[in-house]
Amino acid sequence: MECKICQSKTTYVKTLKIRKEHDAEYYLCGNCGFLFINNPTWLSEAYQKPIADTDTGYVLRNVYLSRKTVILFRFLFDIKASFLDFAGGYGMLARLMRDYGLNFYTYDLHTPNLFMRGFEYKNQSIEAITCFECFEHFDSPITEIEKMLKISKNIFFSTLLLPKEIPGDNWEYYGLKHGQHISFYSLKTLSYIANKYKLNFYSDGANLHLFTEKKIQNWFFKLLLSMTKFQFDLIIRKVMKSKTVEDAFFLQKN
């Protein structure tokens, strides 16, 4: 079996039962450390509900990630520029970012846009992209990453890193009940992708990562992410102008 990331030879790891009826074969790449499911035939069934019923952390996660994003983008990018939440789900993250004052748009082919109607991505010039809890859903990761890189070379994303030892069958991130998680990345995998596209790669070592053209120190990336502990995002938001009311007037006129 060929690796979906680096096309190297892979090794069969195990078979697990997905959605209580589908046999999922997991393969591990010895070169880049990528773990993936071969031929996930159940995806159309799994995405009948794009946001899984078991995803009870959806709202809390969006609030948490929005706070990290406003700090990171304030220090690394031009906050007067436009940004995109790629595979943005219901549009909650992008709506929060606009409420904070950043000019965010949203894009998602599979999920209804509930919170960002009127602010969909339509080939605007984009400074940086967010892509949260999506990489593990990609059946063809390189294809999806290249779509993003055509929009911006700066991608702030989340995906839980694969442990050094392959997790046991009860690892929650396999998502066996909903069947939407089919790709799992190690630090080595993400480093390979960054090198492939001549990008810098920074990670908190757990689940938050950045591909970027900018050169910083990884300790600085981690420091920015840690500032939410001191509610530094609240200070930033006080000096920014929220787009909440402005957006309402815009939608009334259009």
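Per-chain numbering applies: the sequence of each chain, read as written, is numbered from 1 onward. Reporting in this predicted model follows two pLDDT cut-offs: at least 70 for local features of residues, and 80 or more for side-chain atom pairs to be given and counted; totals over whole chains, interfaces and linings ignore these cut-offs and use all residues. Excluded from the side-chain calculation are hydrogens and water; included are all heavy atoms of the structure.

Asks: Requested: an account of the overall build of the protein, with residues and values cited.
Replies: Of regular secondary structure, the protein possesses eight helices and ten strands. Using C-alpha atoms as the atom set, the radius of gyration is obtained and then compared with a globule rule of 2.2 Å times the number of residues to the power 0.38. In terms of C-alpha radius of gyration, the protein reaches 18 Å, essentially the compact-globule figure of 18 Å for 254 residues. In terms of overall dimensions, the protein has a C-alpha envelope of 55 × 40 × 35 Å along the principal axes. Within the protein, buried positions represent 51% of all 254 residues. For the protein, contacts bridging at least 24 residues in sequence account for 62% of all contacts bridging at least 6. Of the roughly 13000 Å² of accessible surface on the protein, a fraction of 52% belongs to carbon and sulfur atoms. Runs of E in the DSSP output that reach at least two residues are strands. Runs of H or I that reach at least four are helices, and both are numbered from the N terminus. Think of it in three bands: with a 1.4 Å probe and only protein chains considered, a residue is buried below 20% of the maximum accessible area for its type, exposed above 50%, and partly exposed in between. Note on definitions: a residue-residue contact is assigned when non-hydrogen atoms from the two residues lie within 4.5 Å. The Shrake-Rupley method, run with a 1.4 Å probe sphere, supplies the accessible areas, and residue values consider only the shown protein chains as cover.

Asks: Lay out unusual backbone geometry with the relevant residues and their values.
Replies: Phi angles above zero are rare outside glycine, and Gln 7 is one such case at about 65°. Within the secondary structure layout, Gln 7 lies in the segment before strand 1 (10-18). Of the residues examined, Gln 7 reaches a relative accessible area of 43% and is grouped as partly exposed.

Asks: Quick one: what's the story with the packing of aromatic side chains, residue by residue and with numbers?
Replies: Stacked, edge-to-face and tilted are the three classes for Phe, Tyr and Trp ring pairs, Trp counted by its six-membered ring, which pair at centre distances within 6.5 Å; planes under 30 degrees apart are stacked, over 60 edge-to-face, the rest tilted. Counting across every chain of the model gives 30 aromatic pairs. Ring plane angle 90° and centroid distance 6.4 Å describe the contact between Tyr 107 and Tyr 121, whose orientation is recorded as edge-to-face. One end of the pair, Tyr 107, is in strand 5 (residues 103-107); the other, Tyr 121, is in the loop between strand 5 and strand 6 (128-132), with 14 residues separating them in the sequence. The exposure class assigned to Tyr 107 is partly exposed, which follows from its relative accessible area of 26%. Centroid distance Tyr 202 to Phe 221: 6.5 Å. Interplanar angle 35°. Geometry classified as tilted. With Tyr 202 in strand 9 (residues 200-203) and Phe 221 in helix 6 (residues 218-226), this pair connects stretches of sequence that are 19 residues apart. Through a chain of ring-to-ring contacts, three or more aromatic side chains come together here, namely Tyr 12, Tyr 27, Phe 34, Phe 36, Phe 135, Phe 138, Phe 157, Tyr 185, Phe 201 and Phe 211. Note that Arg 74 overlies the ring of Phe 75, its terminal NZ or CZ placed 5.9 Å from the centroid. In our convention, an over-ring charge means Lys NZ or Arg CZ found within 6 Å of a ring centre and within 35 degrees of that ring's normal.

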